Amino acid sequence: MNQIGILDQPNNGIIKRPTAITVICILGFIGVGLSIPMIFSEIAKQIGTWFPPYAGFTTTVSLICMVGLWRTKKWGLYIYSALVLINQVVLITKDEWNVLILIVQGIVILIVLYHFQPSTRPTYSQIALYLKRKIWAIIVAYMIGIHNFYKEEQKDPEDIVYTIDNIEEQENGEPED
């Protein structure tokens with residue numbers, strides 16, 4: 001039986017992997033190798049007791065993803081996409097979210113999607129447009145909600161009450177303290 005791989009080539013034992021996927025995999029393998037010592041470091045323990053097991057989990061799953069992508073298997077992309085989603089949720093809940101991480105991981109997903117079967121390429125531009133809009137929405141939400149400059153000025157409820165009283169005094173024409 002002649003199977004069709006993700007590159008739309010017959011699976012006769014020799015599958016030509018696109019250069020972009022090869023580069024992604026090599027960088028991924030290097031990242032996994034560099035992550036292993038970090039799992040056991042003091043810095044990882046200082047981040048929190050939850051971090052070393054989480055780093056070990058993400059490192060192991062990343063290795064599995066890179067092996068899948070290296071072998072040009074769809075499941076490599078599916079697992080990588082799930083890992084990206086899990087990673088984003090964890091980073092948001094731990095207040096460590098960074099848009100740069102999401103952008104890099106999104107670009108990797110788009111590159112791998114592009115090298116799937118040619119029939120998926122029209123959806124590539126649709127996915128790129130969708131992700132571009134979502135990333136823009138996240139950036140705007142970050143700038144408005146999380147990085148709100150008023151948060152840094154009024155940390156204590158007493159300060160807020162004082163500020164409101166101060167504004168009322170100014171409006172009533174009473175002198176400030």
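Residues numbered from 1 in each chain as written. Predicted model: local features only at pLDDT ≥ 70, side-chain atom pairs only at ≥ 80, totals over all residues. Heavy atoms only, no water.

Let us look at the confidence of the model for the chain. In low-pLDDT regions, the fine details of the predicted coordinates are not to be read closely. Per-residue confidence for the chain gives a mean pLDDT of 77; residues scoring 70 or more make up 67%. At the level of individual helices and strands, the chain shows its lowest average pLDDT in helix 7 (residues 149–153), which scores 52, and its highest in helix 3 (residues 51–70), which scores 93. Across residues 1–9, confidence stays below pLDDT 50; counting only partners more than four residues off in sequence or on other chains, it has 24 contacts. (pLDDT = per-residue confidence, 0-100. Helix = DSSP H or I, 4+ residues; strand = E, 2+ residues; numbered from the N terminus. Contact = heavy atoms within 4.5 Å.)

Quick look at the nonpolar core now. Counting 14 residues, the largest nonpolar core has Leu69, Tyr80 and Val112 as its most contacted members. Looking at this core, the elements that each hand over two or more residues are helix 1 (19–39), helix 3, helix 4 (74–93) and helix 5 (99–114). Excluding residues that lie within four positions of it along the chain, Leu69 makes contacts with Arg17, Ile21, Cys25, Gly76, Leu77 and Val112. (Core = buried A, V, L, I, M, F, W, Y, C linked by side-chain atoms within 4.5 Å. Buried < 20%, exposed > 50% of the residue type's maximum accessible area, 1.4 Å probe, protein only.)

Quick look at a nonpolar patch on the surface now. Taken together, Val23, Ile26, Leu27, Ile30, Leu34 and Trp70 make up a surface patch of nonpolar side chains, about 580 Å² in accessible area. For the nonpolar patch, the leading source of residues is helix 1, giving 5 residues. Locating Ile26 in the fold gives a position in helix 1. (Patch = residues over 30% accessible without salt bridge, like charges linked within 9 Å, V, L, I, M, F, W, Y side chains within 5 Å. Areas by Shrake-Rupley, 256 points an atom, 1.4 Å probe, with all protein chains shown as cover. Salt bridge = Lys/Arg side-chain N within 4 Å of Asp/Glu carboxyl O.)

With that settled, consider helix 1. Along an α-helix, residues three or four positions apart point the same way, because every turn accommodates 3.6 residues. The terminal C-alpha atoms of helix 1 lie 30 Å apart, and with 21 residues this matches the ideal 30 Å at 1.5 Å per residue to within 8%. All buried positions along helix 1 are accounted for by Ile21, Thr22, Ile24, Cys25, Gly28, Val32 and Ile39. For helix 1, the arc enclosing every buried residue in end-on projection is 160°, short of the 170-degree limit, so these residues lie on one face. Those residues of helix 1 that are exposed and aimed more than 90 degrees away from the buried face are Thr19, Leu27, Leu34 and Pro37. As for helix 1, its buried residues are in contact with helix 2 (42–47), helix 3 and helix 5. (Expected span 1.5 Å × (residues − 1). Arc of directions from axis to C-beta.)

So, on to the packing of aromatic side chains. Per the counting criterion, the structure on display carries 3 aromatic pairs. Residues Trp50 and Phe51 carry aromatic rings whose centres are separated by 5.4 Å and whose planes lie at 90° to one another, so their mutual orientation is edge-to-face. For Phe51, a relative accessible area of 14% gives the class buried. Taken together, a centroid distance of 5.9 Å and an interplanar angle of 50° make the contact between Trp50 and Tyr54 tilted. Linked through ring pairs, Trp50, Phe51 and Tyr54 together constitute an aromatic cluster. In this structure, Arg17 packs its charged tip against the face of Trp70, placed 3.6 Å from the ring centre. Taking the ring centre of Trp50 as reference, the NZ or CZ of Lys94 above it sits at 5.0 Å. (Phe/Tyr/Trp six-rings, centres within 6.5 Å; stacked < 30°, edge-to-face > 60°. Lys NZ or Arg CZ within 6 Å of the ring centre and 35° of its normal.)

Here we take up the packing of helix 1 against helix 5. Relative to each other, helix 1 and helix 5 sit at 145°, their axes nearing to 9 Å. When the axes of helix 1 and helix 5 are compared, the crossing they make is left-handed. Residues Ala20, Ile21 and Ile24 of helix 1 pack against Val108, Ile111 and Val112 of helix 5. A breakdown of the residues in the contact of helix 1 with helix 5 according to their chemical character gives 6 nonpolar, no polar and no charged. (Axes fitted to C-alpha atoms, helices over the stretch in contact; angles between N-to-C directions. Left-handed = near helix turned anticlockwise from the far one by under 90°. Nonpolar A, V, L, I, M, F, W, Y, C, P; charged D, E, K, R; others polar.)

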